[in-house]
Amino acid sequence: MTMRTSPVIGRQAGKNGSDSSMRKVLMIGAAVVFAAGAAWAGAHGSMSDQRVEDMKTIGGAMKAIGDGEGDAVAHAKTVNMLAKGLHAKFPEGSMEYRAKAEIWSDPEGFKKSMDEMVAASENLVDAAMTGDRSKTLAALGATGKTCKSCHETYRGPKPGE
Ligand code: HEC
């Protein structure tokens, strides 16, 4: 008549300790991130889709830093990593969506603007690593200026606007 639940099942993992299971979680997280990156290269349509997605991710990571959500160093590294790959996602002939012809008629200026963003994102990583919130926010603001400055010159209005 009495129903008993087994007390054993929940404890079997105890021997491994929380340390190794935490490590496992982190490894899975990293694998997911890499898989997502690889999927973009193949499964997703245009170059414009890919770079817009990267910049949205960058924007999301920057917002999280500003809001004080999650690990600022990890977010800053995401910004820096994606920023470094962005220039390669503007190959000639990929003028779509909001990309302006000036990107390719003025390649030096565009590259310079990219380099400024990458440099600012490196400063952002350094600032986040100090753990000093006001330094991090200052570096975040400086990074945001480089986004804006490129957009003003090389990004057109949304189609239909
Ligand atoms: C060197 C130039 C350049 C820099 C630097 C740059 N962007 Fe962009 N960004 C563009 C261009 C060009 C587009 C439009 C791309 C397209 O339509 O294919 C774009 C598109 C975007 C979009 C897509 C949304 C939309 O409708 O346009 C977001 C979000 C964005 N950028 C955020 C950022 C953020 C955040 C930064 C700074 C960390 C940044 N960008 C830095 C040139 C730049």
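Residues numbered from 1 in each chain as written. Predicted model: local features only at pLDDT ≥ 70, side-chain atom pairs only at ≥ 80, totals over all residues.

Participant: Kindly report on the overall build of the protein, identifying the contributing residues and their values.
Facilitator: What the protein contains, in helices and strands, is 6 helices and 0 strands. Each helix and strand of the protein, ordered N terminal to C terminal, gives the series α-α-α-α-α-α. The burial tally for the protein puts 17% of its 161 residues in the buried class. Considering only residue pairs separated by 6 or more positions, the protein has 69% of its internal contacts joining residues 24 or more positions apart. (Helix = DSSP H or I, 4+ residues; strand = E, 2+ residues; numbered from the N terminus. Buried ≥ 20, exposed ≤ 12 C-beta atoms within 10 Å, placed from the backbone. Contact = placed C-beta atoms within 7 Å.)

Participant: So what's going on with the site of the ligand? Residues and values would help.
Facilitator: Close contacts around the ligand come from 24 residues, with Ser48, Met55, Tyr97, Cys147 and Cys150 the closest. Elements with a contribution of two residues or more to the shell around the ligand: helix H2 (47-67), helix H5 (107-130) and helix H6 (133-154). The element contributing the most residues to the shell around the ligand is H2, with 8 residues. (Near = placed C-beta within 6 Å.)

Participant: Describe the environment of Ile103, and please don't skip the residues or the numbers.
Facilitator: Mapped onto the secondary structure, Ile103 falls in helix H4 (residues 102-105). Remark: the alpha-carbon pair of Ile103 and Thr153, spanning 50 residues in sequence, is separated by 8.7 Å. Beyond its immediate chain neighbours, meaning those up to four positions away, Ile103 contacts Phe90, Phe110 and Tyr154.

Participant: Go over the nonpolar core, please, and point to the residues and values.
Facilitator: Ile58, Met62, Ile65, Ala76, Val79, Leu124 and Ala128 are the most contacted members of the largest nonpolar core, which totals 18 residues. For this core, the elements supplying multiple residues, two or more each, are H2, helix H3 (72-86), H5 and H6. Counting residues per element, this core draws most heavily on H5, at 7 residues. (Core = buried A, V, L, I, M, F, W, Y, C linked by C-beta atoms within 7 Å.)

Participant: Describe the environment of Met129, naming the residues involved and giving the relevant values.
Facilitator: By the element assignment, Met129 lies in helix H5. Separated by 56 residues in the primary sequence, Met129 and Val73 have C-alpha atoms spaced 5.9 Å apart.

All quantities given are derived from atomic positions and should not be read as evidence of function.
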